[in-house]
Amino acid sequence: MQTSSIPSASDEASDRISSLELLDTRLRWLSAWTIHNANHIRESRDGLKVGGHQASCASMTAIMAALYFHALRPQDKVAVKPHAGPVLHAIHYLLGNQTLDQLQRFRGLGGAQSYPSRTKDQIPVDFSTGSVGLGVAITAFASLVQDYLIAHGQMAEQDAGRMIALMGDAELDEGNIYECLIEGYKHDIRNCWWIVDYNRQSLDSTTADRMFRRFDDIFETCGWRVVTLKHGKRQRAAFKRPGGKSLEQWIDNCPNAEFAALTYQGGAAWRARLTADIGGKPHVAKLLDSFDDDALAALMTNLGGHCMETLVEAFDQAQDDRPTLFIAYTVKGFGLPFAGHKDNHAGLMNPTQMHGLRDSLGIAEGEEWAPYGGLGENAATALRDFVANSPLARQPERPSAQAIAVPESLPVPDGEEQSTQAAFGRILLDLSKSGHPLADRIVTTSPDVTVSTNLGGFVNQRGLFRRQELKDVFAGAKIPSAQKWAGHVAGQHIELGIAENNLFLMLAALGLAAPLFGSRLLPVGTVYDPFIARGLDALNYGCYQDARFLLVATPSGVTLGPEGGAHQSINSPLIGMGQPGLTYFEPAFVDELTHLMRWSFQHMQAPDGGSVYLRLTTRSIRQHQRQDDGWIGDMLKGGYWLRAPSGSRDAAIAFTGAIAPEALEAAEQLAEDLPGLGILNITSPDLLHRDWSAARAARWKGGPAGPSHVETLLSALSPDAGLVTIIDGAPSTLSWLGAVRGQRVSPLGNDRFGQTGDLPDLYRTYRLDAQAVIEAAADLFLGD
C-alpha cells in the first residue's frame, strides 16, 4: 500500500532556505546585468561612464533576499543602502512592480534612478536615500513618529511596523548617525532595525580594524541589541572539527585589508597563507586538505551576511520591539570576479567577465532579462510561486490620509509694534486654545531653542510628547517658571537636543506621516536662521522626498544685533530660493505672517504643494495700517505695492522683511526729490523668481504667454525706472529684479560676517539704514 508523506516543518524550512538562496543569486545577477546594460550595451551619446555599484550590490543580495522575501511584513518600512538601489529594483522586478523598460533605462532619463527615490522611481520606495547616513537616521525618527501616532489614537498598536535601514559599514562614519542614536535613546525608540553590510571596504579603501567591537559598545550603551553575524553555517561547522578552533581564531584576528586581498586572490592564496600561519598547529593541515581550492575559498568567504540560514535565524529571533543592530559580515563583490579587491567600489565587470557569470548561471544569451532565466521550468515555476506567496506580494494598498481643515482665517495678534517671531508664537498659542481640528494635528519640534523661538506658549498649552509620563519637577516644587512643561502621551511637542541634522530628519519623518502611515500631521519646526546651514543636507533630503513641514527660522540677519556674527545669517534667503520643494517667505508685518501661516497649512497638504520656510525676526516694528484687504492676494504671490508708484513712475524701493522701517524712512526723505516714489514689499523673493522663470520657460516652449506676477508688479514703473533693493541678507536675493524688465538696480544687503552691536550701529556699518537707501537712490539717479 502506497502512502503519501506530509512535509515536515524541517522540510519546509529547508525548502524556504533553498528558495531564498536562489533569490540571492537572481538578485545578484539582475542587479549586475542592469548596471552592465547601462554601461556596455545601451547606446552612449556623451561617452560618459554611467556607473553603478555591482560590488556594493553583490554584498547585499543575500541580506535583501532574506529580508524582503522572509522577514519583511507589509507594515514595515525600509531605507535601502543607496548603492544597493539596483537590488531593490530587481526585487520589485520579480514582484511585478518594476518594468523591463525601467531597468533598461537605469540611470537614464525617466528610468530607474541611481539611488532609491520616493518621488522619481515608479516602484514603492519608503525612504529616499543617496546622501549616506541620512537614510539610516530617518528610520529612527520614523519609529518615533509611529509611536506618536499610536499614542494619539491615529494608528493602532497592532499595525505598528519596523523601521529598517540597510546600510554600508562606511556609513557608520557619518556623524549624523550618532546624533540620531543619542536622540533615539532619549525618546526610547522601538521597532527599529539597522542592518549593516559589514564588508569592511569603503569607497577608497578597507575600513579600520580598530573599530572591531566599538560599534557594539556604542549601540549597546544606547539601549540597542547588537547581533553580530560573522560566520556562516559552513564556517561554524568547520570550527567544530579538529583544527577548527585555530582556523576560527585566525579568521577573527585577520586584518580587514588582508582578508579582502586573499578573497580576491582565491583558494590557492588562502591555502598558502593559512598553511604558513597555522599549518603547524594540531589537525589544521588535515582540515585544510579536506577542501580543494574552490571549496576552501567558498569556506573562507562563508560569512554571516551571505549565509541564508544565519540571516533567517537572526531575523526570526528578533521579533520583539527592541531596537536592533545587525552587523552582517560580508564580502564586497561577493560572487563576482573582483570580490575583495580594494578598487571594486565603482568597478564594472567587462563583457568577458559578465558573459562568464551568465554562462556559470546557465542563462542563455538573449535571456538575460528573464526573471528566472537558467533555472529550468520546474525550478522557475516553484520560485515564481514562492515570490508570489511572499507577504510583500500581497501588500495592501497604502492608506490615503485625509486632508485637515484649515480655518477660514487666523486672528491677527494685537499691537502697534510687534516682531514677527513673537507674533508667530501668539498665533500658534491662539490655535492651540481654539479647539479647531487643525490644532490637534500640529506637532512642533525644536533643537533646544523652543523658548527662544517663541514656541513656549504652545508647549505650555499642549505639552511635551513622551511615551512615559514626565512630571514638571519645578512645578511640583512650586518654583515659579514661565515654562510649565509636562511630558505625556498626548503632548504635541517633540523636544530635541542641539543638533540641526536631527531637527530636519525629525521634520522629514513627521512630514511623511501621511504617505507612510496614512495619518496626516502638520509639523512645525523652529531653528535659529543661521543654523539652517548646519542641517542643510538633511533639509535637502527631506525636501527631495516631498516631506511636508513648516520651518520657522528665527532670529535672522544682523538684526539679531548683540548676538554677533556667529548667530547672524547672511545667505539663508538664497538657500530658501534655491531649495526645491521649499517655499521661502520673509514677512515684514504681523498680518502678513497670519495669512502666510494659513497658506502654509494648506500648501503642506496640497497634492502639488510642499514645505514652507518662514524667515522671521525679533525686531519689533510699527505695523502698517490697512485700508482694505486688496493687498493679500498679491502678498501671497510674493510681493505687493505698499505704496504704488505715481507720476513719472521712475523710482521705487523694494524691501524684504524687518528692514521695512528703514525703507519707509528713506522714502519719506526722498519724497521731495523723487515724487511718486513707489514702495514694493517683497514677501517672497522665492515665489517671484520661480514664477518669472516658469513664465519665461513657457514662452520659450510655446506655452501660455501671460506675464508673471513680478512682471505685472514692475510694469507699474516706467521701463527706465530705477530700483533700490534692500534686505537683511545677501543682496543678490533681490538684485535680479532688474533683469525682469531691464530696469536699473542698486542692491543693498549684507555680504559680510556680522559683529556685535545695537541696530543703529549695525545698520549703519552694513549699509542697511535709511541713509544707505538714500545714497543708493542717488547712485541711480545722480551717478551720471
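Structure: above.
Given the structure is predicted, the values throughout are model-derived calculations rather than measurements. (Residues numbered from 1 in each chain as written. Predicted model: local features only at pLDDT ≥ 70, side-chain atom pairs only at ≥ 80, totals over all residues. Heavy atoms only, no water.)

Chemist: Teacher, can you tell me more about the pairing of strand S5 (residues 324-329) here?
Modeler: Counting buried positions over the six residues of S5 gives six, a clear majority of the element. In S5, alternate side chains face the same way, and those of Thr324, Phe326 and Ala328 on one face and Leu325, Ile327 and Tyr329 on the other are all buried. Across six bridges, strand S3 (residues 192-198) lies against S5 in parallel orientation. Paired with Tyr198 across the strands is Tyr329, a residue of S5. Relative to S5, strand S4 (residues 225-229) runs parallel, the two sharing five bridges. The residue bridging Leu229 from the neighbouring strand is Ala328, located in S5. (Buried < 20%, exposed > 50% of the residue type's maximum accessible area, 1.4 Å probe, protein only. Helix = DSSP H or I, 4+ residues; strand = E, 2+ residues; numbered from the N terminus. Pairing = 2+ DSSP bridges.)

Chemist: Just to check I follow, could you spell out the sheet that holds strand S19 (residues 722-727) for this structure?
Modeler: Hydrogen bonding along the main chain pairs the strands of a sheet, whether they run parallel or antiparallel. Reading across from one edge, S16-S18-S17-S19-S20 is the order of the five strands in this open sheet, with mixed pairing throughout. Sheet topology places strand S16 (639-643) and strand S20 (744-748) at the edges, where each strand pairs with a single neighbour. Averaged over all neighbouring strand pairs, the angle between strand axes comes to 25°, with direction disregarded. Here S16 pairs with strand S18 (residues 678-682) via four bridges, running antiparallel. Opposite Arg643, over in S18, you have Ile679 as the bridge partner. Those strands touched by helix H28 (residues 660-670) are S16, strand S17 (651-656) and S18, and its axis lies near 165° from that of S17. (Axes fitted to C-alpha atoms, helices over the stretch in contact; angles between N-to-C directions. Contact = heavy atoms within 4.5 Å.)

Chemist: Would you take a moment to explain the packing of helix H22 (residues 500-511) against helix H24 (residues 536-544) for this structure?
Modeler: Helix-helix packing: each pair is described by the crossing angle between the helix axes and the interaxial distance. Following both chains from N to C, one finds H22 and H24 inclined at 10°, their axes separated by 8 Å at the closest point. Looking at the two axes, H22 sits roughly parallel to H24. Counted together, Asn501, Phe504, Leu505 and Ala508 of H22 and Ala538, Leu539, Tyr541 and Gly542 of H24 form the full contact between these two elements. Grouping the constituent residues of the contact of H22 with H24 by class yields six nonpolar, two polar and no charged. (Parallel < 35°, antiparallel > 145°, perpendicular 65-115°, else oblique. Nonpolar A, V, L, I, M, F, W, Y, C, P; charged D, E, K, R; others polar.)

Chemist: How should the pairing of strand S12 (residues 550-553) be read in this particular structure?
Modeler: For a regular strand, side chains alternate in direction, first toward one face of the sheet and then toward the other. Because side chains alternate across S12, one face comprises the buried residues Leu550 and Val552, and the other comprises Leu551 and Ala553, equally buried. Strand direction decides the pairing type here: strand S11 (residues 522-527) and S12, joined by four bridges, are parallel. Across the sheet, residue Thr526 finds its bridge partner in S12, namely Val552. Handedness of the crossover joining S11 and S12 through H24 is recorded here as right-handed. Two elements, S12 and strand S14 (residues 611-615), share four bridges in a ladder whose sense is parallel. Its bridge partner being in S14, Leu551 is matched across the sheet by Tyr613. (Right-handed = clockwise from strand over helix to strand, strands pointing away.)

Chemist: Explain the environment of Asp188 here, please?
Modeler: Along the chain, Asp188 falls in the loop between helix H7 (175-186) and S3. For Asp188, a relative accessible area of 43% corresponds to the partly exposed category. Separated by 409 residues in sequence, Asp188 and Met597 have C-alpha atoms that sit 32 Å apart.

Chemist: I would appreciate a short explanation of the pattern of salt bridges in the present structure.
Modeler: Pairing between side chains of opposite charge can happen when their charged atoms approach one another. The final tally for this structure, using the stated rule, is 35 salt bridges. One salt bridge connects Asp147 with Arg467, and the closest N-O pair in it is separated by 3.3 Å. Placement of Asp147 in helix H6 (residues 134-151) and of Arg467 in the loop between strand S8 (464-465) and helix H21 (473-476) is noted, with a sequence separation of 320 residues between them. Salt-bridge contacts for Arg622 lead to Glu417; the nearest nitrogen and oxygen are separated by 3.8 Å. A residue pair is termed long-range when its members are at least 10 positions apart, and Arg622 in strand S15 (residues 621-622) and Glu417 in strand S6 (residues 417-418) qualify at 205 residues. Taking the relative accessible area as the measure of exposure, Arg622 reaches 53% and is therefore exposed. Under the relative-accessibility criterion, Glu417 is labelled partly exposed at 47%. Among the charged side chains, a network of salt bridges with common partners joins Asp147, Glu157, Asp188, Arg190, Asp321 and Arg467. (Salt bridge = Lys/Arg side-chain N within 4 Å of Asp/Glu carboxyl O.)

Chemist: Quick question: what am I supposed to make of the side chain of Thr420 here?
Modeler: You can see Thr420 is positioned in helix H18 (residues 420-434). A distance of 3.0 Å separates a polar side-chain atom of Thr420 from the backbone nitrogen of Thr617. Among all residues touching Thr420, those that are not within four sequence positions of it are Pro587, Ala588, Phe589, Leu593, Leu616 and Thr617. (Polar contact = N/O pair within 3.5 Å; in protein donor to acceptor, adjacent residues only side chain to side chain.)

Chemist: Please clarify how the packing of aromatic side chains should be interpreted in this entry.
Modeler: Two aromatic rings, taken as a pair, are described by how far apart their centres are and by the angle between their planes. Scanning all chains against the criterion turns up 17 aromatic pairs. Note on Tyr148 and Phe465: the rings are 5.0 Å apart at their centroids and 65° apart in plane angle, and the pair reads as edge-to-face. Taken as a pair, Tyr148 in helix H6 and Phe465 in strand S8 lie far apart in primary sequence, 317 residues in all. Ring centres of Phe585 and Trp599 lie 5.2 Å apart, and the angle between their planes is 75°; on these two criteria the pair is classed as edge-to-face. Placement of the pair is Phe585 in strand S13 (residues 582-585) and Trp599 in helix H26 (residues 590-603), with a sequence separation of 14 residues. Using a relative accessible area of 0% as the deciding quantity, one classes Phe585 as buried. Within the aromatic cluster, the residues linked to one another by ring pairs are Trp29, Trp33 and Trp369. (Phe/Tyr/Trp six-rings, centres within 6.5 Å; stacked < 30°, edge-to-face > 60°.)

Chemist: What am I meant to see in unusual backbone geometry here?
Modeler: Excluding glycine, residues mostly have negative phi values, and the peptide bonds linking residues are mostly trans. Following Thr554, the chain continues to Pro555 via a peptide bond in cis, the omega torsion being -5°. Locating Pro555 in the fold gives a position in the loop between S12 and helix H25 (572-578). A positive phi angle is found at Asn191, which is not glycine, with a value near 55°. Locating Asn191 in the fold gives a position in the loop between H7 and S3. A positive phi angle, close to 70°, is found at His283, a residue other than glycine.

Chemist: Would you mind showing me how to read helix H34 (residues 770-781) here?
Modeler: Working note: α-helix, 3.6 residues per turn, so residues spaced by three or four point in the same direction. Taking 1.5 Å per residue, 12 residues should reach 16 Å; H34 reaches 17 Å between its end C-alpha atoms and fits that length. Among the residues of H34, Ala770, Ala772, Val773, Ile774, Ala776, Ala777 and Leu780 are the ones counted as buried. Looking at the buried residues of H34, the elements they touch are S17, H28, S19 and S20. (Expected span 1.5 Å × (residues − 1).)

Chemist: When you look at helix H4 (residues 85-95) in this model, what are you seeing that I'm missing?
Modeler: Counting buried positions along H4 yields 11 of 11 residues, so the element is predominantly enclosed. Among the residues of H4, those classed as buried are Gly85, Pro86, Val87, Leu88, His89, Ala90, Ile91, His92, Tyr93, Leu94 and Leu95.

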